[in-house]
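# Descriptive structure summary
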Amino acid sequence: MTKTLMIDMSDGKWMVDVFSQANDSGVYDLIFPNTSTQVSLKESELYGFRYSLNAKQGTAFRILLDDIVLAEGEIDKTEMLTGNGVL
């Protein structure tokens, strides 16, 4: 199935990667300045995601897969944020 991976962030730079244990290309799927991309997922596999964001303190962000919010928040005083999760 094909899904749309998106980031909503008004300023800064980002990298977002979707991966599975069986198939990780090592290439980030969504890289600044692109704000959306198509990813192909198999229903029988478990997927994870990781992200790295750089922006001014207080910059809000949301990372979505179609209409599902994977991560959201604000950049803190370090002006960097990394995270991961399971789809």
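Before reading further, recall that the structure is shown in the block above.
Everything quoted here is computed from the prediction, not taken from an experiment.

As for its placement among the helices and strands, Met15 is situated in strand β2 (residues 13-20). Excluding its chain neighbours within four sequence positions, the residues that come into contact with Met15 are Tyr28, Leu30, Ile31, Arg50, Tyr51 and Ser52.

Attention now goes to the nonpolar core. Soluble globular proteins tend to pack their nonpolar side chains together in the buried interior. Counting 19 residues, the largest nonpolar core has Leu5, Ile7, Met9, Tyr51, Leu53, Phe61 and Ile63 as its most contacted members. Contributing elements (two or more residues each) for this core: β1 (2-9), β2, β5 (47-54) and β6 (60-65). Among the elements that line this core, the one with the most residues is β5, at 4 residues. Sequence-distant contacts of Leu53, that is, excluding residues within four places in its chain, are made with Ile7, Met9, Lys13, Trp14, Phe61, Ile75, Glu79, Met80 and Leu81.

In this section: the pattern of salt bridges. Using the criterion set out here, one finds 4 salt bridges in the structure. In this structure, Arg62 engages Asp8 in a salt bridge whose closest nitrogen and oxygen atoms are separated by 4.0 Å. Separated by 54 residues along the polypeptide, Arg62 in strand β6 and Asp8 in strand β1 bring together distant segments of the chain. By relative accessible area, Arg62 is classed as partly exposed at 32%.

Reading guide: rules and limits
- Residues numbered from 1 in each chain as written.
- Predicted model: local features only at pLDDT ≥ 70, side-chain atom pairs only at ≥ 80, totals over all residues.
- Heavy atoms only, no water.
- Helix = DSSP H or I, 4+ residues; strand = E, 2+ residues; numbered from the N terminus.
- Contact = heavy atoms within 4.5 Å.
- Core = buried A, V, L, I, M, F, W, Y, C linked by side-chain atoms within 4.5 Å.
- Buried < 20%, exposed > 50% of the residue type's maximum accessible area, 1.4 Å probe, protein only.
- Salt bridge = Lys/Arg side-chain N within 4 Å of Asp/Glu carboxyl O.

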